[in-house]
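As a plain string of letters, each chain reads:
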Amino acid sequence: MDRSRILTLLFVTVLAVMLLPELQRRFRIFEIPPLEGAFEVIERPVFSVGKFFNGSFQQEMERFIEEKVGFRPLLVRIRNQADLMLYRKAHAEGVIIARKGVVIEEDYILEYLGRLFIGKNTIDKKLNRIKFLHDTLSQKGIKLAVVFAPGKASFHADLIPNRYRPWDKSLSNYDYFTQQCRELGINHLDLNQYFKDLKSIASYPLYPKYGTHWSTYGMSLAADTLLKYVESLSGQPLNQIKHGPVDLTSHLRDTDFDGGKSMNLLWKPRTGKMAYPRLAFENDAGKHRPMVLVVADSYYWNIYNAGIPKNIFANEAFWYYHRQVYPDFYLDQKTVDQLDIRTEIEKQEVILVMITERFLHTAFWHFTDDLYRIYKPGFQEDHLYNYGNSIRRDRQWFGDVIGKAKKRGLTIEEMIRVDAEYMFMLDFNEKIEKTRDNYIIYYELMIKDDPEWYEQVLRKAHENALSTEEMLRRDAVWMYEHDILGMHR
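Residues numbered from 1 in each chain as written. Predicted model: local features only at pLDDT ≥ 70, side-chain atom pairs only at ≥ 80, totals over all residues. Heavy atoms only, no water.

## Examining the sheet that holds strand β8 (residues 318–320)
Two pairing modes exist for strands in a sheet, parallel and antiparallel, and in both the strands are linked by backbone hydrogen bonds. With mixed pairing, six strands are arranged side by side in an open sheet as β4-β3-β10-β7-β8-β9. Because the sheet does not close on itself, it has two edges, and the strands there are β4 (188–190) and β9 (324–326). Shown here is a sheet whose adjacent strand axes are inclined to one another by a mean of 20°, direction ignored. As paired strands, strand β3 (residues 143–149) and strand β10 (residues 350–356) are joined by seven bridges and run parallel to one another. Of the residues in β10, the one forming a bridge with Phe148 is Ile355. Against the sheet, helix α8 (residues 173–184) engages β3 and β4, with an angle of about 135° to β4. (Pairing = 2+ DSSP bridges. Helix = DSSP H or I, 4+ residues; strand = E, 2+ residues; numbered from the N terminus. Axes fitted to C-alpha atoms, helices over the stretch in contact; angles between N-to-C directions. Contact = heavy atoms within 4.5 Å.)

Encoded structure:
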């Protein structure tokens, strides 16, 4: 072949390679599996002169074009595979590669190490409310219990990478919640400790290497323990799980490869074999079938999908993150805010609030606060507490608060208080009911925000041998009586 033909062939080949992604985008020549996991859909940006001149239109258009390029899923998988092999880096939201290549979600590590600790005062208030509900519902024949589901970082604490300084662990939300549940006599089941106790003696892995939840085998052991716990709460014998033969296979099922899937790799890594017990259920008509409501995160899905509530309980009520109502959600997308919560609660014999370590900073979402609002006589909203809850439940906001706390040398609890006070003042005129208590909080915050005024309060507190808080409150009360009630004039 002469030089001219070679150059022509080379030119055509290069041109074809350059055009191929566009041809793939337009005509989908090759079938390429889509990426797994949750993605933000990038919409075509809307042009405006302002966005053009500040450069944001060009940036948005660049992202849009990148999202639409042909072969993108394949190119993403090639990059992810290379980064995993060369740098032990996982391209999946919140997932990291720990020692021995084990996949762990980062939030579990941060929770375990105490880096997301929301503070003793906050947890005390949460648990005092739960204790009130625990005792109030008990008088109605309803048993309320907290179930602490396991966390993979607690279970594999020895595998946490050094960049997280695992030797520098401090009090965690799990540590303090469980300690105070014991102290207050609140019904609770600690499956996190149960898993750690089983770790060295379990016949099969309790956690899969590439999974973010407990293994199917681990779930079956936890479910056994959970049912015995429900039995002890109800005081009557229940039907139990019958464990059949165990299938050992490297074809992973259920959630045993959910972390691996979300990493979108070019090829599946070697996972080893996992155990899948064949479950059956006793069906003794003479045994009790209690009404049970479970408010839980995704750990409960394995139990739910294994048919355990369907075969053991009288109902299958599952409020996922205290938002979606299952099994009803399958039919009409029912959510908790569409329910008469008191009516639903009082149908139950047992209520389990099941939460894994990762979400303990949210402190049971707002389930227990909603119940407290219903059952506490003369309940009054605590707006600062409510703003704090909103911050802890908002992933972005909570992350921002952690960053600000570090910069200002405050604890997370102190920083949340600062943001909550800011929100209170922002909303006071339009959204906060004008009660005496709220006015007093308003004046306290006004005084604290005025350095000269606050200095006077400190001086008076010293002269009168009072605490700063007491003096601050006295001045705020005086302001309320003067400004609002027209006294002291």
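## Focus: the packing of helix α6 (residues 120–139) against α8
Think of two packed helices as two axes; the pair is described by the angle between the axes and how far apart they sit. The geometry of α6 relative to α8 is characterised by a closest axis approach of 10 Å and an angle of 40° between their N-to-C directions. In terms of their interaxial angle, α6 and α8 are classed as oblique. The handedness of the crossing between α6 and α8 comes out as right-handed. Residues Lys120, Ile123, Asp124, Leu127, Asn128 and Lys131 of α6 form the contact with α8, whose participating residues are Asn173, Tyr176, Phe177, Gln180, Cys181 and Leu184. (Parallel < 35°, antiparallel > 145°, perpendicular 65-115°, else oblique. Left-handed = near helix turned anticlockwise from the far one by under 90°.)

## Description of α6
Along its 20 residues, α6 runs 28 Å from first to last C-alpha, staying within 8% of the 28 Å computed at 1.5 Å per residue. For α6, the set of buried residues is Thr122, Ile123, Lys126, Leu127, Arg129, Ile130, Leu133, His134, Thr136 and Leu137. (Expected span 1.5 Å × (residues − 1). Buried < 20%, exposed > 50% of the residue type's maximum accessible area, 1.4 Å probe, protein only.)

## Topic: the nonpolar core
Residues Trp214, Trp319, Ile345, Leu352 and Met354 are the most contacted members of the largest nonpolar core, which totals 104 residues. Sorting elements by how many residues they give to this core places helix α10 (residues 216–234) first, with 10 residues. The residues touching Trp319, leaving out its near neighbours within four places in the chain, are Leu293, Val294, Val295, Ala296, Gln324, Val325, Val336, Leu339, Ile341, Glu344, Ile345 and Phe367. Residues Tyr387, Leu445, Val477 and Met479 belong to the second largest nonpolar core, which totals 16 residues. (Core = buried A, V, L, I, M, F, W, Y, C linked by side-chain atoms within 4.5 Å.)

## Remarks on the environment of Ile312
Structurally, Ile312 is set in helix α13 (residues 308–312). Taking the C-alpha atoms as reference, Ile312 lies 25 Å from Tyr204; in sequence the two are 108 residues apart.

## Topic: a nonpolar patch on the surface
Residues Phe11, Val12, Leu15, Leu19, Leu20, Leu23, Phe27, Ile29 and Phe30 make up a contiguous nonpolar surface patch of roughly 840 Å² in combined accessible area. Residue placement: Phe27 occurs in helix α1 (residues 3–27). (Patch = residues over 30% accessible without salt bridge, like charges linked within 9 Å, V, L, I, M, F, W, Y side chains within 5 Å. Areas by Shrake-Rupley, 256 points an atom, 1.4 Å probe, with all protein chains shown as cover. Salt bridge = Lys/Arg side-chain N within 4 Å of Asp/Glu carboxyl O.)

## Side note on the pattern of salt bridges
Using the criterion set out here, one finds 25 salt bridges in the structure. The salt bridge involving Lys131 is made with Asp135; its shortest N-O contact spans 3.4 Å. Linking Lys131 with Asp135, this pair stays in helix α6, spanning four residues, or about one helical turn. For Lys131, a relative accessible area of 22% translates into the label partly exposed. Residue class for Asp135 comes out partly exposed when judged on its relative accessible area of 31%.

## Comments concerning the pairing of β3
Within β3, six of the seven residues are buried, which leaves it mostly tucked inside the rest of the structure. Pairing geometry for β3 and β4, over three bridges, is parallel. In the sheet register, Phe148 faces β4, and the bridge partner there is Asp190.

## Structural notes on the packing of aromatic side chains
Scanning the model with the defined rule gives 36 aromatic pairs in all. An angle of 75° between the planes, with centres 5.4 Å apart, marks the rings of Phe132 and Tyr372 as edge-to-face. In this pair, Phe132 is assigned in helix α6 and Tyr372 in helix α16 (residues 367–375), connecting sequence segments 240 residues apart. According to the relative accessible area criterion, Tyr372 is buried, its value standing at 13%. An aromatic cluster is present here, built from Tyr300, Trp301, Tyr304, Phe318, Tyr320, Tyr321, Tyr326, Phe329, Phe359 and Trp365 joined pairwise through their rings. It is Lys169 that lies over the ring of Tyr112; its NZ or CZ is 4.9 Å from the centre. Sitting over the ring of Phe428, Lys434 keeps its end group 4.8 Å from the ring centre. (Phe/Tyr/Trp six-rings, centres within 6.5 Å; stacked < 30°, edge-to-face > 60°. Lys NZ or Arg CZ within 6 Å of the ring centre and 35° of its normal.)

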